[in-house]
Amino acid sequence: MRQEATLRKLKTFLQAPVNSQDILEGAVLIDQYCNPLEDVSPENIQAEIDDITRKVKVYLSAKNSRHPSLSMAGDSYIEDLDLQGQALEALNHVLFTAMKFKGNVADFYNPLNSYIHQVLINRTGIPISLSVLYLTLAKHLGIRLEPVNFPHHFMLRWCQRAQGASNITDYVYVDAFGNGKCLTAKECEYMIGQHVTEEFYAAVSTKEVLQRMVGNLLNLGKRESKDRSFMLLRVSLDLYLAMYPDSVQHLLLQARLYFHLGIWPEKVLDILQNIQALDPSQHGAVAYLVQHTLEHIERRREDSGPNVKLRSSEKEVCYSVGLLVRHKRYGYSGVIFGWDPVCMMPPDWIENLSVHQLPQGANQPFYSILLEDGSCSYVAQENLEPHPDPGPIQHPDIANYFSEFTGEHYIANKELQLQYPEDTDFTIQQSRLRQSDTPPLGP
């Protein structure tokens with residue numbers, strides 16, 4: 001529910017006039033969507049920004065008690081270049097020297113570096129998140145900076161001539177990742193080790209800044225461990241498609257992701273239909289996914305029919321929908337919201353996740369699980385055990401599958417009961433454990 005509300009806010013934000021789109025607000029919406037289980041409060045973040053601004057003004061007043069930044073309000077800006085420089089020097093001192101904000105060189109690819117509330121907590125970030133913070137603080141001091149989508153290293157530009165100058169030599173480029181250091185255009189090229197054409201020195205829109213932030217998260221999502229559920233990739237795809245709903249490349253990636261995770265097959269078909277309408281040349285990839293998704297849906301239908309009672313009562317399927325389980329190796333917890341008698345994933349998914357290296361391979365039950373970190377996973381039975389200390393799972397999709405938590409397990413809602421009618425009876429589930437050749441692992 002939080003994510004749906006946040007996505008609606010983001011879409012409304014993107015439809016607003018460009019001049020009224022505040023970069024910090026957009027960054028907070030991305031943060032909220034990616035972290036639905038955390039209290040990412042715009043009010044708290046703004047209070048942090050106001051507190052840093054106050055510290056900068058205190059430091060600046062000791063240097064120049066008549067500095068116009070001390071009484072700056074609204075969207076007004078200082079025109080005098082020397083006075084702008086004094087304000088930025090004060091900002092650099094407070095932010096990087098006194099408060100010790102810095103670029104996270106040691107753990108650059110940690111997604112926490114992209115979330116503005118974590119940047120404020122940890123005082124570390126990557127170029128784009130530190131630039132969003134720096135630009136926002138500079139604006140509060142009456143300094144007009146502009147975001148620059150520089151290759152490999154996000155920057156801010158500061159005009160040294162009349163506002164609106166078009167020559168790249170009329171600007172210096174502020175590196176928030178490098179403690180606010182000012183660079184010339186040529187020094188920027190030295191920093192990244194390559195020549196860059198003038199178009200990369202131009203200011204970009206708020207939407208383009210947010211696109212780069214989400215793009216960073218997409219790339220990090222593709223690096224996620226095979227044993228997890230690609231939650232970061234899922235949410236970053238949602239965000240990207242909220243900004244660019246007709247991006248065939250990202251729609252196809254989203255369809256493949258849901259397909260390989262074995263979740264929401266009906267949604268996969270909707271996405272594929274949209275792709276086909278947008279770009280008929282994708283027919284080959286679409287047809288492959290449609291065929292295998294329909295086969296998956298048909299198998300699930302068969303398993304939810306009369307034969308499911310015979311099959312799920314046999315010894316091989318040990319756990320029921322609604323049971324709290326724990327991964328034996330990695331220790332993460334979750335609740336089962338679906339199962340297959342054998343692995344239903346396509347061969348490339350089985351190969352990529354090395355399923356054949358498991359002692360029982362793909363010919364064992366696999367369970368769809370809502371995880372405690374807000375993501376989902378598809379896990380082999382041999383890797384699971386009933387949770388020794390079951391408790392409620394804080395997952396944004398929990399209400400889509402379950403009506404209540406009894407204190408020991410979840411009760412499936414009506415829709416899920418129709419798919420797994422036998423699994424609503426935990427007496428049968430306990431009997432299933434007793435009949436299994438596998439030693440019982442818990443209730």
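Note that residues are indexed from 1 along each chain, following the sequence as it is written. Two thresholds apply to this predicted model, a pLDDT of at least 70 for residue-level local features and 80 or more for giving and counting side-chain atom pairs, whereas whole-chain, interface and lining totals are computed over all residues. As a rule here, side-chain values come from all non-hydrogen atoms in the structure, and water together with hydrogens is ignored.

**Looking at the overall build of the protein**
- Along its length, the protein carries 16 helices and 13 strands.
- The classification of residues rests on relative accessible area computed with a 1.4 Å probe and restricted to protein chains. Under 20% of the type maximum is buried, over 50% is exposed, and intermediate values are partly exposed. Here the protein holds 443 residues, and the buried ones make up 51% of them.
- Partitioning the intrachain contacts of the protein with sequence separation of at least 6 by distance along the chain shows that 61% fall at a separation of at least 24.
- In short, Shrake-Rupley with a 1.4 Å probe defines the accessible areas, and a residue's cover is counted only from the protein chains shown. Accessible area of the protein: about 21,300 Å², with a carbon and sulfur share of 50%. Note on conventions: DSSP H or I runs of at least 4 residues are helices, E runs of at least 2 residues are strands, and numbering of each starts at the N terminus. By definition in these notes, contact holds between two residues if any of their heavy atoms fall within 4.5 Å.

**Things to note about the environment of Q3**
- Mapped onto the fold, Q3 is located in helix α1 (residues 2-15).
- Separated by 232 residues in the primary sequence, Q3 and V235 place their C-alpha atoms 9.2 Å from one another.
- Once residues within four sequence positions are removed from consideration, Q3 is found in contact with Y33, P36, M231, V235 and P396.
- Definition of a polar contact: a pair of N or O atoms within 3.5 Å, with one able to donate and the other able to accept a hydrogen when the atoms are protein atoms, and with sequence-neighbouring residues admitted only if both atoms are side-chain atoms. A polar contact of 2.9 Å, which involves the side chain of Q3, links it to the backbone oxygen of Y33.

**Things to note about the packing of aromatic side chains**
- Within 6.5 Å between ring centres, the rings of Phe, Tyr and Trp (the latter by its six-membered ring) count as paired, and their orientation is classed by plane angle as stacked under 30 degrees, edge-to-face over 60, tilted in between. All told, the structure shown has 11 aromatic pairs when counted by the stated rule.
- Here the aromatic rings of Y240 and Y244 are separated by 5.2 Å at their centres, their planes lie at 35°, and the arrangement is tilted.
- The class for Y240 is buried, based on a relative accessible area of 11%.
- Ring plane angle 45° and centroid distance 4.5 Å describe the contact between F337 and Y401, whose orientation is recorded as tilted. One end of the pair, F337, is in strand β8 (residues 333-340); the other, Y401, is in the loop between β11 (384-386) and β12 (402-405), and 64 residues separate them in sequence. Assigned by exposure class, F337 and Y401 land together as buried.
- Criterion for a charge above a ring: Arg CZ or Lys NZ at most 6 Å from the ring centre, at most 35 degrees from the ring normal. Here R144 stacks its cationic end above the ring of Y77, 4.1 Å away from the centre of that ring.
- The positively charged end of K207 is found above the aromatic ring belonging to Y244, 4.5 Å away from the centroid.

**Points about the pairing of β8**
- Along β8, 8 of the 8 residues are buried, which leaves the element largely enclosed by surrounding structure.
- Two strands qualify as a pair provided DSSP detects at least 2 bridges between them. Where strand β7 (residues 324-327) folds back onto β8 in an antiparallel hairpin, the turn is made up of 5 residues, including G331, whose phi is positive at roughly 80°.
- In this sheet, strand β9 (residues 366-371) lies alongside β8 in antiparallel orientation, the contact comprising 6 bridges. Residue pairing in the sheet places V335 in a bridge with L370 of β9.

**Things to note about the sheet that holds β8**
- Pairing within the open sheet is antiparallel, and its 5 strands lie in the order β10-β9-β8-β7-β11. This sheet does not close on itself; its edge strands, each paired only once, are β10 (376-380) and β11. Across the sheet, the axes of successive neighbouring strands diverge by a mean angle of 45°, strand direction being ignored.
- In this structure, β7 lies alongside β8, joined through 3 bridges in antiparallel fashion. In the sheet register, L324 faces β8, and the bridge partner there is V335. Fitting a line to C-alpha atoms yields each axis, with helices limited to the stretch in contact; the angle taken between N-to-C directions then spans 0 to 180 degrees.

**Considerations on the pairing of strand β5 (residues 171-175)**
- Along β5, 5 of the 5 residues are buried, which leaves the element largely enclosed by surrounding structure.
- Pairing of strand β4 (residues 155-159) with β5, which is carried by 4 bridges, proceeds in the antiparallel orientation. Residue L156 lies in a different strand from β5, and its bridge partner there is V174.
- By the bridge criterion, 3 bridges tie β5 to strand β6 (residues 181-183) in an arrangement that is antiparallel. By the bridge assignment for β6, Y173 is matched with L183.
- Counted between consecutive antiparallel strands, the loop separating β5 from β6 contains 5 residues, among which N179 sits at a positive phi close to 65°.

**Regarding the sheet that holds β6**
- Taking strand neighbours across the sheet as the criterion, the 4 strands line up as β3-β4-β5-β6 in an open arrangement whose pairing is antiparallel. In this open sheet, the two edge strands, each paired with only one partner strand, are β3 (146-148) and β6. On average, each strand axis in the sheet is tilted by 40° relative to the strand beside it, whichever way the strands run.
- Bridge count between β3 and β4: 3 bridges; the pairing is antiparallel.

**Regarding the nonpolar core**
- The term nonpolar core refers to a set of buried residues drawn from Ala, Val, Leu, Ile, Met, Phe, Trp, Tyr and Cys, joined through side-chain atoms within 4.5 Å. Counting residues in hydrophobic clusters, the biggest one holds 113 residues, and the most contacted among them are L91, L95, F101, L133, Y134, Y367 and F402.
- Top contributing element to this core by residue count: helix α9 (residues 231-243), with 10 residues.
- Filtering out sequence-adjacent residues up to four positions away, L95 remains in contact with I52, K100, F101, L133, Y134 and L137.
- By size, the runner-up hydrophobic cluster in this structure holds 14 residues, among which are F150, M155, Y171 and I192.

**Re the confidence of the model for the protein**
- On average, residues of the protein score 86 in pLDDT, and 89% of them are at 70 or above.
- The predictor reports its confidence for every residue as pLDDT, a score running from 0 up to 100. Per-residue pLDDT, averaged within each element of the protein, yields its smallest value for helix α13 (residues 307-313) (36) and its largest for helix α6 (residues 127-140) (97).
- When the criterion is pLDDT under 50, residues 305-315 qualifies, and its contacts beyond four places in sequence or with other chains add up to 20 contacts.
- Under a pLDDT of 50 for its full length, residues 426-443 has, in the predicted model, 38 contacts with residues more than four places off or in other chains.

**Here's the deal with the pattern of salt bridges**
- For salt bridges, the criterion is a side-chain nitrogen of Lys or Arg within 4 Å of an Asp or Glu carboxyl oxygen. Per the stated rule, a full pass over the model turns up 6 salt bridges.
- Close ionic contact of D51 with K55 constitutes a salt bridge, the shortest N to O distance being 3.4 Å. Residue D51 and its partner K55 are located together in helix α3 (residues 42-63), separated by 4 residues, close to a single helical turn.
- In this structure D51 comes out as partly exposed when scored by relative accessible area, which is 28%.
- Since its relative accessible area comes to 30%, K55 is described here as partly exposed.
- Here D170 ties to R161 by a salt bridge, and the two come within 3.8 Å at their closest N and O atoms.
- Among the charged side chains, a salt-bridge network with shared partners connects D51, R54 and K55.

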